[in-house]
Amino acid sequence: MATIGGALLPHLTVVAGWHRRDVLRVLGYLGFSAATGCGQVSESADDRGQFAGIDPDDYFYEDTDQAAAADRTIAAAMAVLLPSDFDAAGALEVEAMDMLRLENFIPTARTQNLLPPLPAVLDREPEVFDEPIRIAIAATLDGLASAERPLVRFSRLSDDEKGDALDRGFDDPAARPMLLFLRAACFLAWLGAVRSDAGLVAIGYPPFENFDDGVAVSGYPRTTDGRLVDAENEDLDALAAAGMLDDYTYNRAPEPTPGDDLSLVLDAGGDLI
Amino acid sequence: MIDVVVIGSGFGGAVAAARISEHIRLALGGRHRVVVLDKGVDPTGRFDPDGTAMPLNAQGNRFRHTLAPQYLDELGEVFTDPRGAYRPGVPSMNVIAGKGLGGGSLLYDGVSLRAPAETFEQTRDGRRLWPSAFTRASLNGAYDVVAQQLRVRQMAWTDADAPHWALTTKRDFVFAQGCRSIGATCVPLKLADVNDANEGWWNQGQRFEGRQDLTKNYLSSALASGCEFRTAHEVERIAPAGDGYVVRGVDRRGGKKKPFEIECRVLIVAAGAVASTGLLLRSRDDFRNERALDQGDERLGQPVLGRHLSSNGDYGVSGIVGPNVLPVEGHKGKPMSSFCPSFWPEHKFILIPFHAAPLYLSLGQISSMSPPKYPTASGRASTPIAERANGKPVRDWGPEYKSLLRQFGARVLTMGCLALDECEGEIDADDDRITVKWRETSRATEDRWKVASEKMQSIYAALGGEMFLDTYRRDGTVNSSHPLGGCRMAEDPTEGIVDPTGESFSNPNLFVLDGAIIPSALGVNPSMTIAALAENAVGRLVRGEGTPSLADRLGAQ
């Protein structure tokens, strides 16, 4: 068994073949490298790369309680990174833990053009990396907690202490990749990936009608309480004057720009000449 | 033996499939088979009876509006540079492309501008980049046809000029105010979106009728004319075979991987600029000597295939407007509905405000919170770091950040430029992946982007806000969703891969008909021009105008 998190945390281990540097390497591929905050990608970022000799059977823990304990630690950090409050759910309510799973994280980040190229094994077998990464993140969090209060786990700290521990972690090149990944998972999940539209609604998007089927509400203008307005037959001005209109247009033309004659730039059809 | 195989179903492939299928049905007695292969899924459930994907929704198609990862993965893919992407100081390129039946139309924002006349007159080393047959005037007929098919019309500022659902957004009005402040003008865009229900959530697929994706027009015409569709068919190689070609790949329908091989007489490659070029690069060893795909390389040792990739001058930025400006609400309404053409005459770029995608916020930071690592940059990393009451930097997590995100809808404004560039990109391919590279930005492109960046920064400043640091200035990464070139057309076989009809110089009946053949940046969104070039090429093919007719090629009686 290889020790993760240094001498302070002998109880947090993963099976042979996985070391903290392996986790950091994976997170580096995902764009969370310690040194730059950006991806560190080798020129052989494929099956011939760093993971070629690892047997997937070696990735898994023998002690599932450790994995469960790690998840509890991570949940405590997520509740601080993206807390729930009076009018919006937080990371735990939007099931951010699911976004830590690479099979969810990778396609989401990739289609947003946020990921560097990955070794093929990360696409082919993302699930084998999940638990080692979570254990390593938990070990990092507990290591940070021990610096706040010796031999106290992260989940046992007060909220202020957790915040201070995370502050130090974000400043620590060794811990930063773990925390950046955790932070990204929280906000991705909050902003509509995987299971919830809570963050989308909080920042002003229309709610989903049915999140499981991925069906968002459709159509504008709407009233502020969500009713779809018939723009051709209802009095939009009256609704707006009453503060009841959640439109998407100002229905106003900007004033002409003095001295900017577009007659030589655009044709009658609205195309550039 | 299939008569015509079309690889890809975007703005080039859909036009080719429709026009060839119609011609075969109407003029050739319907006696020939046309098959479209696409590596993605059929989002409608209508085209490929054997296709498999997520279940149909209540509207009878497979579109969702979700940001769920598995769905996003079905709509688009990213090509990138393994050596350079996201490495500060290393120039690199990322290209996002549509995936699935309909190609780029599944992701595009409906912007339907014709390329300006100057686009076609660009020269390098004193030589015109475009074949002499192509001018704006010569393409206007084809543009008209495409505009009718895609139901293009112009947006309006007020409902005195158009139905309320055809209006520009709040984002556009705020952007127009900013433009006016710097002496420029914003005008409504032309969009392909008739029947739009004012979606308000328009950028990832479209489950309603608003998005004029190609399944609603050209591909439906092809289907009605007997064209066959095979989705989840990823083509890996093409090669000459007898009088035609063999297409080899993997059929992934049903979650299985089953090799397939199809022989055809006429082969049309239209998988998009990067994927089409990548496919030809992978296949080049099967085309040797006089049939070499790249005659420039074969005869002169000067490769053309995979070179001259344009980003179309894409340069997107984000930022916030000040608290005293009208709310932007950048996430509502059509994803793009106005543009600023004022800088085109002098600087050859246009500016477009666009939909603010929420997930970008997840990995980035939306205001001045990062240490000023880049003192010469303008934007978030060079501005003072906000401090909390205890004197520590404002966190980009926790309740403060959550609260800051709530201002997103009201204050975040995203915009970008499309510009002429010098086609600095390259495409490479091996068995595992297709990559794109951007080795160095030319002085001309750099100067153009610098002016565009300054103008956009001025707009934010005029609106009382600030522009954030973008990936190009941060780490040299060029992001493009409008890749063009890589397999350019030309009049001389040593300067291009295909002739002005899109046919390979050295391989009869092998065509490339998509953005790959476009020999320069366009400076505007390219969907109309890709489709118009395909209309032009296939029109000449079926008429036998300056090239053997399709009937002759198929040996039709």
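See the structure above.
Residues numbered from 1 in each chain as written. Chains lettered and ligands numbered in written order. Predicted model: local features only at pLDDT ≥ 70, side-chain atom pairs only at ≥ 80, totals over all residues. Heavy atoms only, no water.

**Digging into empty space enclosed by the protein**
Residue and element names in this part refer to chain B. What counts here: As defined here, a cavity is a set of points on a 1 Å grid over the protein atoms alone where a 1.4 Å probe fits but cannot get out. A pocket is an open set with protein on both sides within 12 Å along at least five of seven lines, and residues line them when an atom is within 4 Å of a point. Grid points are joined across faces, edges and corners, and a volume is the space filled by probe spheres set on the points.
On inspection of all chains with the given rule, the structure shows 1 cavity of 30 Å³ or more. Reported here for the largest cavity is a volume of approximately 50 Å³. What lines the largest cavity is Val41, Pro43, Arg62, Phe63, Tyr71, Glu74, Leu75, Lys99, Gly100 and Leu106.

**Let's talk about the interface of chain B and chain A**
The condition is simple: A contact between two residues is defined here by any heavy atoms of the two lying within 4.5 Å. For any pair of parts, buried area is found by adding up, for both, the accessible area (1.4 Å probe) each one loses once the two are put together. By definition, a salt bridge exists where a carboxyl oxygen of Asp or Glu is found within 4 Å of a side-chain nitrogen of Lys or Arg. Throughout this description, a polar contact denotes any pair of N or O atoms lying within 3.5 Å of each other; where both atoms belong to protein, one of them has to be capable of donating a hydrogen while the other can accept it, and for residues adjacent in sequence the pair is counted only when both atoms sit in side chains. Counting from the N terminus, the helices are DSSP H or I runs at least four residues long and the strands are E runs at least two residues long.
Facing 99 residues of chain B, the contacting portion of chain A comprises 90 residues. Across the interface of chain B and chain A, roughly 7,900 Å² is buried in total on both sides, 57% from carbon and sulfur atoms. Counting every contact that joins chain B to chain A gives 9 salt bridges. In this structure, the salt-bridge partner of aspartate 167 of chain A is arginine 395 of chain B, at a minimum N-O distance of 2.8 Å. Put simply, chain B and chain A have 31 residue pairs in polar contact (both at pLDDT 80 or more) between them. When contributions to the side of chain B that touches chain A are tallied by element, the ones reaching two or more residues are helix H2 (69-75), strand S3 (76-79), strand S4 (92-98), helix H5 (170-181), helix H9 (344-347), helix H10 (360-363), helix H11 (398-405) and helix H12 (408-411) of chain B. It is H5 of chain B that contributes the most residues to the side of chain B that touches chain A, 6 residues altogether.

**Comments concerning the pattern of salt bridges**
Residue and element names in this part refer to chain A. What counts, and what does not: Burial here depends on accessible area, computed with a 1.4 Å probe over protein chains only, as a share of the maximum for the residue type. Under 20% is buried, over 50% is exposed, and the range in between is partly exposed.
Scanning the entire structure with this criterion turns up 45 salt bridges over all chains. For glutamate 125, the salt bridge identified is with arginine 124, shortest N-O distance 3.9 Å. For glutamate 125, a relative accessible area of 22% translates into the label partly exposed. Arginine 124 sits in the partly exposed class, given a relative accessible area of 48%. Bridged by salt links that share partners, the residues Glu95, Asp98, Arg101, Glu103 and Arg195 form one connected network.

**Structural notes on the side chain of aspartate 271 of chain A**
On the secondary structure map, aspartate 271 of chain A appears in the segment after strand S6 (245-246). Here the side chain of aspartate 271 of chain A touches lysine 190 of chain B through a polar contact of 2.7 Å, side chain to side chain. Contact partners of aspartate 271 of chain A, with chain neighbours within four places excluded, come to Val265 and Leu266 of chain A together with Ser112, Leu113, Arg114, Arg136 and Lys190 of chain B.

**Let's talk about the layout of surface pockets**
Residues and elements named next belong to chain B. Our working definition: When residues are grouped by polarity, Ala, Val, Leu, Ile, Met, Phe, Trp, Tyr, Cys and Pro land in nonpolar, Asp, Glu, Lys and Arg in charged, and all others, Gly among them, in polar.
Its volume calculated, the second largest pocket comes out at about 640 Å³. Arg124, Leu129, His308, Arg488 and Glu495 are, among the 27 residues lining the second largest pocket, the residues nearest its centre. If you list the elements that add at least two residues to the lining of the second largest pocket, you get strand S6 (127-128) and strand S19 (425-429). For the lining of the second largest pocket, a count of residues per class yields 9 nonpolar, 5 polar and 13 charged.

**Looking at the packing of aromatic side chains**
The condition that has to hold: Note on aromatic pairs: the rings of Phe, Tyr and Trp (six-membered ring only in Trp) are paired at centre separations within 6.5 Å, and the planes decide the class, stacked below 30 degrees, edge-to-face beyond 60, tilted for the rest. Two thresholds decide whether a charge sits over a ring: the Lys NZ or Arg CZ must be within 6 Å of the ring centre and within 35 degrees of the ring normal.
Going through the model one piece at a time under the given rule, you end up with 14 aromatic pairs over all chains. Clustering of aromatic rings is evident, with ring pairs tying together Phe187 and Trp190 of chain A together with Tyr401 of chain B. Sitting above the plane of the tyrosine 401 of chain B ring, arginine 183 of chain A keeps its charged end 5.1 Å from the centroid.

**Structural notes on the sheet that holds strand S21 (residues 466-467) of chain B**
Residue and element names in this part refer to chain B. Defined as follows: Two strands form a pair only when DSSP identifies at least two bridges running between them. Throughout, an axis means a line fitted to C-alpha atoms (over the contacting stretch in the case of helices), and angles, computed between N-to-C directions, take values from 0 to 180 degrees.
Sheet architecture is open: 4 strands sit in the order S17-S18-S15-S21, paired in antiparallel fashion. Strand pairing shows two members of the sheet lacking a second neighbour, strand S17 (349-354) and S21, which therefore form its edges. Along the sheet, H5 contacts S17 and strand S18 (412-419); its crossing angle with S17, the most-contacted strand, is approximately 135 degrees. Seen against the sheet, helix H13 (residues 443-462) touches strand S15 (315-320), S17, S18 and S21 and runs at an angle of roughly 155 degrees to S18.

**So, H5 of chain B**
All names here are of chain B. This is how it is decided: A helix's residues, less one, multiplied by 1.5 Å, set its expected span.
Spanning 12 residues, H5 covers 17 Å between terminal C-alpha atoms, matching the ideal 16 Å at 1.5 Å per step. Every buried residue of H5 is accounted for by Lys170, Arg171, Asp172, Phe173, Val174, Phe175, Ala176, Gly178 and Cys179. Buried positions along H5 lie against strand S16 (338-339), S17, S18 and H13. Capping the start of H5 is the job of one residue whose side-chain oxygen sits 3.2 Å from the backbone nitrogen of arginine 171: threonine 169. One or two residues past the end of H5 sits glycine 183, with phi positive at roughly 85 degrees.

Keep in mind these values describe shape, not function.
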